[in-house]
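What follows is each chain in one-letter form.
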Amino acid sequence: MTQELRAEVAIVGGGIAGLWTLASLRAKGVDAILLEAHTLGSGQTLQAQGIVHGGGKYALRSVGDRAAIEAIREMPTRWREHFAGTRRPSLAPAKLLSDRCWLWLPREQWRARWEAWSLMPMLRHGGILHCPPQKVDRREWPEVLAQSALRAFAMSEPVFSTASVHQALAEPLRDHLFHFARSCEGQAPELEQDGRWKAIVVEGPGEHGVLRVQARAFVLTAGAGNAEWIERAGGQRSLMQRRSLRMFLLRGALPPLHGHCFLGGRTRMTITSHDLEGGRRVWQIGGEVAERHAGTSDLARAYADAQRELRTVLPHLDIEGLQWSSYEAIRAERSHPGGRRPEGVQVERIAPNAWAAWPTKWALAPVLAEEIEKRLPKAGEGLASPAAALRPRNWARPQVGRPPWEEDLPWIDVRSVGRD
Ligand SMILES: Cc1cc2nc3c(=O)[nH]c(=O)nc-3n(C[C@H](O)[C@H](O)[C@H](O)COP(=O)(O)OP(=O)(O)OC[C@H]3O[C@@H](n4cnc5c(N)ncnc54)[C@H](O)[C@@H]3O)c2cc1C
């Protein structure tokens, strides 16, 4: 049985890009809906570290990367407004993990001494950062850094639990979210004579049958799934690039820590922490170590390297009793020359009334939503609206997914990690 859904805007994919765009459009009175194939946020959003960068890390990576810094510099202030509930969508129910990120140079490294006297003053006083690293009295450093850091600076970049942000966004939008199990086998969108998308057809889970979705405009925000939709519509898969990462997880009696270890002109590790039951924590570890083991099948070697790296960035951390795990993550982005990370948000028109969009960063979702809104046709601009809004009866709703450490991952004891 085929059910019909008609809306002004149909968004495909409920990661941060899709949910934020849906929330923004609906707040402006646009009849928008969202279709999700799996669980909301599965993929990059729930794998992300939840750092609302203000450009600090990018300036560290490449001081010349100014366009990316420009796009992202307003985000910490903006996200705080959403969290305070003074700006819509309200993120008041979300969980703020830390109001700042630490940036530290590790002890016992000659390069750290050199950088403490050369690069750090330039970054702090050079005016290139919106959130420049602030000197903080050693007595206020987290204990783990007091033991292991030569210098530690605070950056005004908040860190959120991405799952809690997703829950906060999804909850009020529940009636506008639709779950499907698969798009009808290889089926291209139904087209108008002028090439506009008229409808897409998807299959519901279980006994739900088929859903035909008509809209005035379509927005693809399916992350890595955008490639499939673009191809099905006759476009080029190469519009999108994938960059993989091997993210590490460390679990046990760990202190809270949110920040980046900077050494040798590079972000060696980015660590964020999440509380678990029983007073334990999990550290989510990215940065250069995660880039280095992208696509690896030699996990023993990857853990050995991560453990050695941990000893370099936090030489006095007690790792007794801790456990490692890891997961592969794919960053799906608009293609960029040389496979480099694009600068800022990316929106690509793939049909007269259909766009594929990638935020590039989780924190840039508000900017992406604004860019999408600018491109959408206004009612009466020559693009026929579908007839009055129509919703299917009792259609399945998607749930918010879980972060990787709540999934069924294998964990290994630090003592079983060999030396590389
Ligand atoms: C390990 C890691 C850490 C990161 N850390 C940060 C950070 O700290 N700060 C930051 O700003 N950015 C960070 N990022 C980048 C950030 O996660 C992404 O830029 C952002 O989450 C992309 O969101 P998205 O909505 O475009 O895609 P996704 O989050 O991938 O969401 C896609 C959605 O579409 C659904 N979907 C997939 N296929 C289909 C389909 N065929 N049809 C319909 N729906 C589909 C998925 O289930 C999902 O709900 C990180 C990325 C990674 C990988």
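Below you will find a few notes about this structure. Just so you know, these numbers come straight off a predicted model, no measurement behind them. Residue positions are given per chain, counted from 1 along the sequence in the order it is written. With pLDDT at 70 or above as the cut-off, local features in this predicted model cover only qualifying residues; side-chain atom pairs require 80 or more to be listed or tallied, and sums for whole chains, interfaces and linings still use all residues. Values reported for side chains reflect all heavy atoms of the structure, with hydrogen atoms and water molecules removed beforehand.

So, the site of the ligand
Part 1 of the reasoning: Near, as used in this document, describes a residue that has one of its heavy atoms within 4 Å of the molecule or strand being considered. The ligand sits among 37 residues. The nearest are Glu36, Ser42, Gln44, Thr45 and Ala363.
Part 2 of the reasoning: Identification of polar contacts relies on pairs of N or O atoms within 3.5 Å, with a donor-acceptor requirement for protein atoms, meaning one able to donate a hydrogen and the other able to accept it, and with residues adjacent in sequence counted only if both atoms are side-chain atoms. Alanine 17 has a polar backbone atom sitting 3.0 Å from an oxygen atom of the ligand.
Part 3 of the reasoning: One of the backbone nitrogen or oxygen atoms of threonine 360 is found 3.2 Å away from an oxygen atom of the ligand.
Part 4 of the reasoning: Among the elements of the structure, α1 (16–27), α2 (44–47), α10 (226–232), β13 (240–252) and β17 (323–334) are those that each provide at least two residues to the shell around the ligand. Under the DSSP-based scheme used, a helix requires at least four consecutive residues in state H or I and a strand at least two consecutive residues in state E, with every element numbered from the N terminus.

What to know about the environment of alanine 10
Part 1 of the reasoning: Assignment of secondary structure puts alanine 10 in strand β1 (residues 2–12).
Part 2 of the reasoning: The classification of residues rests on relative accessible area computed with a 1.4 Å probe and restricted to protein chains. Under 20% of the type maximum is buried, over 50% is exposed, and intermediate values are partly exposed. For alanine 10, a relative accessible area of 0% puts it in the buried group.
Part 3 of the reasoning: Each C-alpha atom, one on alanine 10 and one on leucine 22, is 8.9 Å from the other, the two residues being twelve residues apart in sequence.
Part 4 of the reasoning: Only heavy atoms matter for contacts: two residues are in contact if any of them lie within 4.5 Å across the pair. Here alanine 10 is in contact with Ile33, Val213, Ala215, Ala217, Phe218 and Val219, once residues within four sequence places are set aside.

Brief notes about the pairing of strand β2 (residues 32–36)
Part 1 of the reasoning: Taken across its five residues, β2 has five buried, putting it largely inside the fold.
Part 2 of the reasoning: Burial along β2 is two-sided: the residues Ala32, Leu34 and Glu36 and Ile33 and Leu35 are all buried.
Part 3 of the reasoning: Strand pairing is assigned whenever DSSP identifies at least 2 bridges connecting the two strands. As defined by bridge partners, β1 adjoins β2 across four bridges and the pair is classed as parallel. If you follow alanine 10 over to β2, its bridge partner there is isoleucine 33.
Part 4 of the reasoning: Of the pairings in the sheet, the one linking β2 to strand β8 (residues 177–179) comprises three bridges and is parallel in character. Pairing of leucine 35 across the sheet is with phenylalanine 178, part of β8.

Side note on unusual backbone geometry
With the exception of glycine, the majority of residues adopt a negative phi angle, and the majority of peptide bonds are in the trans configuration.
Part 1 of the reasoning: Each neighbour pair has its own omega, and for arginine 88 with proline 89 the value is 0°, a cis peptide bond.
Part 2 of the reasoning: Even without glycine at this site, threonine 360 takes up a positive phi of about 70°.
Part 3 of the reasoning: We note that asparagine 394 has phi near 50°; this positive angle belongs to a residue other than glycine.
Part 4 of the reasoning: Along the chain, asparagine 394 turns up in the loop between α13 (365–375) and β20 (412–413).
Part 5 of the reasoning: Residue classification places asparagine 394 among the exposed residues on the basis of a relative accessible area of 73%.

Structural notes on the pattern of salt bridges
Part 1 of the reasoning: One side-chain nitrogen of Lys or Arg within 4 Å of one carboxyl oxygen of Asp or Glu is enough to make a salt bridge. For the coordinates displayed, the defined rule picks out 29 salt bridges.
Part 2 of the reasoning: Residues glutamate 328 and arginine 246 are paired through a salt bridge, measuring 3.1 Å at the closest nitrogen-oxygen approach. With glutamate 328 in strand β17 and arginine 246 in strand β13, the pair connects residues that are 82 residues apart, well separated along the chain.
Part 3 of the reasoning: With relative accessibility at 28%, the residue glutamate 328 sits in the partly exposed group.
Part 4 of the reasoning: Judged by relative accessible area, which is 10%, arginine 246 ranks as buried.
Part 5 of the reasoning: Of the charged contacts, one joins glutamate 288 and arginine 292 as a salt bridge, the two residues approaching to 3.6 Å between their closest N and O atoms.

Concerning the pairing of strand β18 (residues 346–351)
Part 1 of the reasoning: Bridge analysis of β18 against strand β19 (residues 354–358) gives five bridges, and the strand direction is antiparallel. Among the inter-strand pairings, glutamate 348 is bridged to a residue of β19, identified as alanine 356.
Part 2 of the reasoning: Hairpin remark: β18 followed by β19, antiparallel, with two residues in the connecting loop.

Some points on the environment of arginine 107
Part 1 of the reasoning: Relative to the helices and strands, arginine 107 resides in the loop between β4 (101–106) and α6 (110–117).
Part 2 of the reasoning: Judged by relative accessible area, arginine 107 falls into the partly exposed class, the value being 30%.
Part 3 of the reasoning: Sequence separation between arginine 107 and serine 148 is 41 residues, and the spatial gap between their C-alpha atoms is 5.7 Å.
Part 4 of the reasoning: Ignoring any residue separated from it by four or fewer positions in sequence, one finds arginine 107 in contact with Arg138, Ala146, Gln147, Ser148, Ala149, Leu150 and Pro315.

Some details on helix α5 (residues 75–84)
Part 1 of the reasoning: What α5 keeps buried is the set Met75, Pro76, Arg78, Trp79 and His82. Viewed end-on, α5 has its buried residues packed into an arc of 160°, placing them on one side of the element.
Part 2 of the reasoning: Phi for glycine 85, located one or two positions after α5, is positive at around 80°. Working definition: the arc comes from the directions between the helix axis and the C-beta atoms, pointing outward to the latter.

Some details on the packing of aromatic side chains
Part 1 of the reasoning: Classification of ring pairs uses Phe, Tyr and Trp, with its six-membered ring standing for Trp, and accepts pairs whose centres are within 6.5 Å; under 30 degrees between planes counts as stacked, over 60 as edge-to-face, and the remaining range as tilted. Taken as a whole and judged by the stated rule, the model has nine aromatic pairs.
Part 2 of the reasoning: Centre to centre, the rings of phenylalanine 248 and tyrosine 303 are 6.0 Å apart; their planes meet at 70°, and the pair counts as edge-to-face. Remark: tyrosine 303 occurs in helix α12 (residues 299–313) and phenylalanine 248 occurs in strand β13; sequence separation between them is 55 residues.
Part 3 of the reasoning: Site record: aromatic cluster; members linked through ring pairs are Trp20, Trp79, Phe83, Phe160 and Trp362.
Part 4 of the reasoning: Lying over the aromatic face of tryptophan 229, arginine 232 brings its terminal NZ or CZ to 4.6 Å of the ring centre.
Part 5 of the reasoning: The rule is short: NZ of Lys or CZ of Arg within 6 Å of the ring centre and within 35 degrees of the ring normal puts a charge over the ring. The ring of tryptophan 411 is capped by arginine 251, whose NZ or CZ atom sits 3.9 Å from the centre of that ring.

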